[in-house]
Amino acid sequence: MKLEQRGREGQEPSSALTVDIDENAGFCAGVARAIALAEGALAKGRLASIGPVIHNPAEVVRLQQKGLLTIPQEEVESCDPRTLGVRRVLIRSHGVSESLRARLAEAGLEVVDGTCPIVRRVQQLVKDYCARGYRVVVFGKKDHPEVLGLVGHCPQGAVVVGSLEEAGKIAPGPPTVLVAQTTAPEARFHEVAAALRRRLPSLEVFNTTCRSVSRRQESIAAFARAHDVVVFVGGKESSNSRQLFDICQQNNKRSFWVESADEVQAGWFGPGEAVGITGGASTPRWLLERVASHVAHVARTCGHEKHIKGGSAE
Ligand code: SF4
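If you're wondering where the values come from, they're calculated on a predicted model, not measured in any experiment. (Residues numbered from 1 in each chain as written. Predicted model: local features only at pLDDT ≥ 70, side-chain atom pairs only at ≥ 80, totals over all residues. Heavy atoms only, no water.)

1. Concerning the overall build of the protein
In step 1: Assigned secondary structure in the protein consists of 11 helices and 13 strands.
In step 2: For the protein, the residues scored as buried account for 50% of the 314 residues in total.
In step 3: Looking at the protein alone, contacts between residues at least 24 apart form 70% of all its contacts between residues at least 6 apart.
In step 4: Only carbon and sulfur atoms are counted for the fraction: they give 53% of the accessible area of the protein, which is about 14,700 Å².
In step 5: Seen as two clouds, the 39 positive and the 35 negative side-chain charges of the protein have centres 4 Å apart. (Helix = DSSP H or I, 4+ residues; strand = E, 2+ residues; numbered from the N terminus. Buried < 20%, exposed > 50% of the residue type's maximum accessible area, 1.4 Å probe, protein only. Contact = heavy atoms within 4.5 Å. Areas by Shrake-Rupley, 256 points an atom, 1.4 Å probe, with all protein chains shown as cover. Lys, Arg positive; Asp, Glu negative; His and termini not counted. Charge placed at Lys NZ, Arg CZ, Asp CG, Glu CD.)

Put into structure tokens, the structure is as follows:
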């Protein structure tokens, strides 16, 4: 989608500014599915999400306004689910541990299961390998809800490594399988796998990073290079947004990260520049469009000021 912020009448054509929304940005399939399930369930009554449904505050507020409650996951983990005061709960796309799923069922709560099918397959994979006596190693962030859910499918526990250094501490021992958090950086995963294989020759490796994430990484790099300025829209708590923003910065030094339209600054843009608006897998399309409109508005003001300062305004 392109919005063109043309100069005012009589202004030089070179001052026209283009605002371009990345056509590949927006929810990944797993997040889109969880949000659609939440909205469908909300139409039938009260619903509480176990943890924020998505790492994007603006989208969380939009769903709150439709009636979605959020209960911190730690609270749900540490209490009797019967005392939560709700009859229906939403599992977000990251999934949950087997024990929490069982406790929700025992408490008689209706579960709207937004676990991404790809994450569900990884949960099943680690569960199966655990049952066969394997040591499970997960490459990812220790406190990420998806990783906690994966570990929670291994009754004997699992080892989480977030770096090559941590992987280096894994001692030779039982048969071992390596998987990844779906949003982990794929190149790092391969480095960890190669390092572990040198010490554990029988290591079994499953690259469970999500293809939609790696495809986004490739396309966002090209998008960042194709624009003079990049405005990246994403929740500051989102690890997927952090990775994608880093790629934008590596490919375009003039990349700026905002959570909302009001963080956009006029000084980021110059006359005649091409501005790219993009975001993470948890950034809703409506928010990208809102930021694009705001950039066009800010740039109009900015261009007007430059003309006054440069003495070329009408
Ligand atoms: S990034 Fe991939 S695995 Fe994760 S929720 Fe989205 S589609 Fe599912």
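Let's pick the thread back up.
2. Quick notes on the packing of aromatic side chains
In step 1: Evaluated as defined, the whole model comprises 8 aromatic pairs.
In step 2: Members of the aromatic cluster, joined through ring pairs, are Tyr129, Tyr134 and Phe206. (Phe/Tyr/Trp six-rings, centres within 6.5 Å; stacked < 30°, edge-to-face > 60°.)

3. Some words on the sheet that holds strand S8 (residues 159-161)
In step 1: Taken in spatial order, the 4 strands line up as S8-S7-S9-S10 in an open sheet, and their pairing is parallel. Where the open sheet ends on each side, the last strands, each with one partner, are S8 and strand S10 (204-205).
In step 2: Packing of helix H8 (residues 186-199) onto the sheet brings it into contact with strand S7 (135-139), S8, strand S9 (176-180) and S10, and relative to S9 it is tilted by some 170°. (Pairing = 2+ DSSP bridges. Axes fitted to C-alpha atoms, helices over the stretch in contact; angles between N-to-C directions.)

4. Let's talk about the site of the ligand
In step 1: Inspection of the region around the ligand gives Cys28, Gly30, Cys116, Ile118, Thr182, Thr183, Cys210, Ser212 and Val213 as its neighbouring residues.
In step 2: In terms of residue class, the shell around the ligand is made up of 5 nonpolar, 4 polar and no charged. (Near = heavy atom within 4 Å. Nonpolar A, V, L, I, M, F, W, Y, C, P; charged D, E, K, R; others polar.)

5. Focus: the side chain of Glu59
In step 1: On the secondary structure map, Glu59 appears in helix H2 (residues 57-65).
In step 2: Of the residues examined, Glu59 reaches a relative accessible area of 1% and is grouped as buried.
In step 3: Among residues more than four places away in sequence, those in contact with Glu59 are Phe27, Ile35, Ile54, Pro284 and Trp286.

6. Examining the state of the cysteines
Put plainly, two cysteines are in a disulfide when a covalent bond ties their sulfur atoms together.
In step 1: Going through the model one piece at a time under the given rule, you end up with 0 disulfides.
In step 2: Cys130 takes part in no disulfide bond, and the closest cysteine sulfur, belonging to Cys154, lies 4.1 Å away. (Disulfide = S-S within 2.5 Å.)

7. Concerning the packing of helix H9 (residues 211-225) against helix H10 (residues 239-251)
In step 1: Two elements in contact, H9 and H10, have axes whose closest approach is 8 Å; the angle formed by their N-to-C orientations is 35°. The interaxial crossing formed by H9 with H10 has right-handed handedness. Residue-level contacts link Val213, Arg216, Gln217, Ile220, Ala221, Ala224 and Arg225 of H9 to Asn240, Gln243, Leu244, Ile247, Cys248 and Asn251 of H10. (Left-handed = near helix turned anticlockwise from the far one by under 90°.)

Geometric descriptors of this kind do not, in isolation, establish any biological role.
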